[in-house]
Amino acid sequence: MFSLDWIYYAISWILLTWHSAWDAIGVPVDAVIGTNWAWILSIIFLVVTVRVILFPVFVKQIKSQRAMQALQPKVKELQEKHKGDRETLQKEMMELYRKEKANPLMGCLPMFLQIPVFLGLFHTLKRLNPDNQGKTLYGWTVEQFNSASSAKLFTAPISGRFGSTADELANLGANSTTVKIVAGILVLIMIATTYLTSRQMILKTGWAEDPQQRMVQRLMLYGIPVSLLISGSIFPIGVIIYWVTNNLFTLGQQQWVLRKFPPLVPPKKTSTAGKTTAQPAKTGGLLGRKTVQPAAKAPAAAPKVAGPKPGAKPVNPKKSGGRPAKRQG
């Protein structure tokens, strides 16, 4: 059976190293405002450590996505050419990816590499129970284990969960209402930041034209945040802190990368030259054409010019009656 002990050792080592660093700096070990900040900061900087290590992979992911986006016209040509012949289409697409050095799986690589970290942290925090007998596993000392198992965020233990039973919280010396409030707020923040990370990328790159890719985008945008509403109840508070910090890091990192490597926005096929010329008419609508018609009817306003002006002689003397006779008299 495949063992994940090496992940647990690695996660524990990073947590304990950061905790020792904060302790050396002078961050209080005891609770301040009901929070053991040394352990909270250790979880936050676990995220920073992992993301710095994975940053080169993230840059490769962005470059691969740009290459895949640039190949979309050729992919569509192959789809139309080999419609109904799925085997040939797959071979042609793999050959295209090999020739252009584009890897479709590279876009998911950073996420896959973070899964072991998440699982390792989940397991490590889940076992932080004062009644646990294996306190010295994965490089922990008894003192470090007891300190971490009693660590709190606003009086809620970081190993507590929204769905923790009363007995579990009693062993942690925690108040059930406080744990549910803190965990519930963090779950909502986790859902919101997860939604924003997907929305940020979609707004910059646009919705995919391919129905399958668009379905994946919708799943990332709506499906995952909704699923967190349920799964968030089983996550320890420390894991949710990790997730929220990771999302905030992703938001900032994506903003920087999208500015440095702007996404390709190819013109749509529907925007042909003929339709482009018709676009101004679309913005003005049919009213734009109607406004031209009154200008053509401008001569109809001639009666205003034909009307007598003050002090001017009549235009038609025959219709002026006896006015000339009065002038003779």
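Source: prediction; values computed, not measured.

Trainee: What is the right way to look at the pattern of salt bridges in this model?
Mentor: Where charged atoms of side chains with opposite charge meet at close range, the side chains can pair. Under the criterion given, the structure shown has two salt bridges. Close ionic contact of Glu 87 with Lys 91 constitutes a salt bridge, the shortest N to O distance being 3.7 Å. A residue pair is termed a helical-turn pair when its members lie 3 or 4 positions apart in one helix, as Glu 87 and Lys 91 do in helix H4 (residues 86-100) at four residues. Among the salt bridges present, the one from Glu 168 reaches Arg 161, with a minimum N-O distance of 2.9 Å. We classify Glu 168 as partly exposed; its relative accessible area is 31%.

Trainee: Hey, could you run me through empty space enclosed by the protein in this one?
Mentor: One water molecule sets the probe size; rolling that probe over the atoms shows where empty space is left. For the structure shown, the criterion picks out one cavity of 30 Å³ or more. Volume-wise, the largest cavity comes out at about 30 Å³. Considering the residues around the largest cavity, the lining is formed by Leu 15, Trp 39, Ile 43, Leu 125, Leu 128, Trp 140, Ala 148 and Ile 158. For the lining of the largest cavity, a count of residues per class yields eight nonpolar, no polar and no charged.

Trainee: Could you clarify how one ought to interpret the layout of surface pockets in this entry?
Mentor: Counted as a void, the second largest pocket has a volume near 230 Å³. Lining the second largest pocket we find Trp 6, Ile 7, Ala 10, Ile 11, Ile 14, Val 50, Ile 53, Leu 54, Leu 113, Pro 116 and Val 117. Elements supplying a minimum of two residues to the lining of the second largest pocket: helix H1 (5-25), helix H2 (37-70) and helix H5 (109-126). In terms of residue count, H1 provides more of the lining of the second largest pocket than any other element does, five residues in total.

Trainee: For this particular structure, what's the right way to read the packing of aromatic side chains?
Mentor: The geometry of an aromatic ring pair comes down to the distance between the two centres and the angle between the two planes. On inspection of all chains with the given rule, the structure shows 15 aromatic pairs. Ring geometry for Trp 22 against Phe 45: centres 5.0 Å apart, planes inclined by 65°, an arrangement best described as edge-to-face. On the criterion of sequence distance, the pair formed by Trp 22 in helix H1 and Phe 45 in helix H2 is long-range, its members being 23 residues apart. Pairing Phe 118 with Phe 235 gives two aromatic rings, centres 5.4 Å apart and planes at 75°, and the pair type is edge-to-face. Placement of the pair is Phe 118 in helix H5 and Phe 235 in the loop between helix H9 (211-231) and helix H10 (237-260), with a sequence separation of 117 residues. Through successive ring pairs, a cluster of aromatic residues spans Phe 118, Phe 122, Phe 235 and Trp 243.

Trainee: What is the right way to read the packing of helix H3 (residues 72-81) against H4 from this model?
Mentor: A pair of packed helices can be characterised by two numbers: the angle between their axes and the separation between those axes. Contact pair H3 / H4: the axes reach a minimum separation of 10 Å and the direction vectors enclose 160°. Classified by the interaxial angle, the pair formed by H3 and H4 is roughly antiparallel. Our pair here, H3 against H4, has a crossing hand that is right-handed. Residues Lys 74, Val 75, Leu 78 and Gln 79 of H3 form the contact with H4, whose own contacting residues are Leu 89, Glu 92, Met 93, Leu 96, Tyr 97 and Glu 100.

Trainee: What am I meant to see in the environment of Ser 64 here?
Mentor: Here Ser 64 is to be found in helix H2. Owing to a relative accessible area of 9%, Ser 64 belongs among the buried residues under this scheme. Considered as a pair, Ser 64 and Ala 102 are 38 residues apart in the sequence and their alpha carbons are 5.8 Å apart.

Trainee: Would you mind going over the environment of Pro 157 with me for this structure?
Mentor: Tracing the sequence through the fold places Pro 157 in strand E2 (residues 156-157). A residue is classified by how much of its surface remains accessible, and Pro 157, at 0% relative accessible area, is buried. The sequence separation of Pro 157 and Ala 174 amounts to 17 residues, and the corresponding C-alpha distance is 6.8 Å. Beyond its immediate sequence surroundings of up to four residues, Pro 157 is in contact with Ala 151, Lys 152, Leu 172, Ala 174, Val 179 and Ile 237.

Definitions and limits used
- Residues numbered from 1 in each chain as written.
- Predicted model: local features only at pLDDT ≥ 70, side-chain atom pairs only at ≥ 80, totals over all residues.
- Heavy atoms only, no water.
- Salt bridge = Lys/Arg side-chain N within 4 Å of Asp/Glu carboxyl O.
- Helix = DSSP H or I, 4+ residues; strand = E, 2+ residues; numbered from the N terminus.
- Buried < 20%, exposed > 50% of the residue type's maximum accessible area, 1.4 Å probe, protein only.
- 1 Å grid on protein atoms, 1.4 Å probe; cavity = no way out; pocket = protein on both sides within 12 Å on 5 of 7 lines; lining within 4 Å.
- Points joined across faces, edges and corners; volume = space filled by probe spheres on them.
- Nonpolar A, V, L, I, M, F, W, Y, C, P; charged D, E, K, R; others polar.
- Phe/Tyr/Trp six-rings, centres within 6.5 Å; stacked < 30°, edge-to-face > 60°.
- Axes fitted to C-alpha atoms, helices over the stretch in contact; angles between N-to-C directions.
- Parallel < 35°, antiparallel > 145°, perpendicular 65-115°, else oblique.
- Left-handed = near helix turned anticlockwise from the far one by under 90°.
- Contact = heavy atoms within 4.5 Å.

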